[in-house]
Amino acid sequence: MFKITATCAAVLVAGQGWASTQCDPAEAEGILEHAQASGIVAGMSMLNGIPSISVEGEVWAAIDLETRLSIISTFECAVAGRGNILAEVQVIAETGKILASFDGLTRQLTTNN
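Below is a short write-up of the structure.

## Quick word on the pattern of salt bridges
Considering all chains together, one arrives at one salt bridge under this definition. R107 is the partner of E76 in a salt bridge, and the nearest nitrogen-oxygen pair spans 2.8 Å. Of the two residues, E76 sits in helix α4 (residues 65–80) while R107 sits in the loop between β4 (98–103) and β5 (108–111), which places them 31 residues apart along the sequence. By relative accessible area, which is 4% here, E76 ends up buried.

In structure tokens:
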């Protein structure tokens, strides 16, 4: 599990810091595909009208804030595209539990304990 986390963290942090005007949606999609193959991202969908990314709960709990924000930034780039932001993103566990909410306007991540 920690090997998967370390691998994904290295890939995702490389994409962190993308401003919406600097993102490359095709690259972001490739990074998310790699994260899915590595087991950190389970899927992406709309949940109650909110863009949502499903993650492996144990992996999410083990990664640091920078990596969490990187996952969301990469997802935002892939979904919204260059120059755009998502007003809100939900991070959900494969069980359906909401783990965190991201406010795209304030760029704040709120975790649910």
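## Brief notes about helix α2 (residues 25–38)
The terminal C-alpha atoms of α2, which comprises 14 residues, lie 20 Å apart, in line with the 20 Å expected from a rise of 1.5 Å per residue. G39, located one to two residues past α2, shows a positive phi value of around 95 degrees.

## Concerning the environment of G104
Mapped onto the elements of the fold, G104 is located in the loop between β4 and β5. Residue G104 is classed as buried on the basis of its relative accessible area of 2%. Separated by 15 residues in the primary sequence, G104 and V89 have C-alpha atoms spaced 7.4 Å apart. When neighbours within four sequence positions are excluded, G104 is seen to be in contact with I85, L86, A87 and E88.

## A look at α4
Since the α-helix packs 3.6 residues into each turn, any two residues three or four apart lie on the same face. In this model, α4 (16 residues) spans 22 Å end to end at C-alpha, consistent with the 22 Å of a helix rising 1.5 Å per residue. Of the residues making up α4, those classed as buried are T67, R68, S70, I71, I72, S73, T74, F75, E76, C77 and A78. Phi for G81, located one or two positions after α4, is positive at around 85 degrees.

## Brief notes about the pairing of β4
Two strands pair when backbone bridges link them, and strand β3 (residues 88–93) and β4 are joined in this way by five bridges, in the antiparallel orientation. Counterpart to V89 in the pairing with β4 is F102. What sits between the antiparallel neighbours β3 and β4 is a turn of four residues, in which G96 has the positive phi angle 100 degrees. Here β4 pairs with β5 via four bridges, running antiparallel. Its bridge partner lying in β5, S101 is registered against T110. Here β4 folds back onto β5 in antiparallel fashion, the turn holding four residues, of which R107 has a positive phi close to 65 degrees.

## What to know about the nonpolar core
Counting 24 residues, the largest nonpolar core has I40, I53, W60, I72, V89 and V91 as its most contacted members. Put simply, the parts of the chain that give this core at least two residues each are α2, β2 (50–55), α3 (57–62), α4, β3 and β4. Per-element accounting of this core gives the leading share, five residues, to α4. In this structure I72 touches W60, V89, V91, F102 and L109, once residues within four positions along its chain are discounted.

Here is what the cut-offs are and how they apply
- Residues numbered from 1 in each chain as written.
- Predicted model: local features only at pLDDT ≥ 70, side-chain atom pairs only at ≥ 80, totals over all residues.
- Heavy atoms only, no water.
- Salt bridge = Lys/Arg side-chain N within 4 Å of Asp/Glu carboxyl O.
- Helix = DSSP H or I, 4+ residues; strand = E, 2+ residues; numbered from the N terminus.
- Buried < 20%, exposed > 50% of the residue type's maximum accessible area, 1.4 Å probe, protein only.
- Expected span 1.5 Å × (residues − 1).
- Contact = heavy atoms within 4.5 Å.
- Pairing = 2+ DSSP bridges.
- Core = buried A, V, L, I, M, F, W, Y, C linked by side-chain atoms within 4.5 Å.

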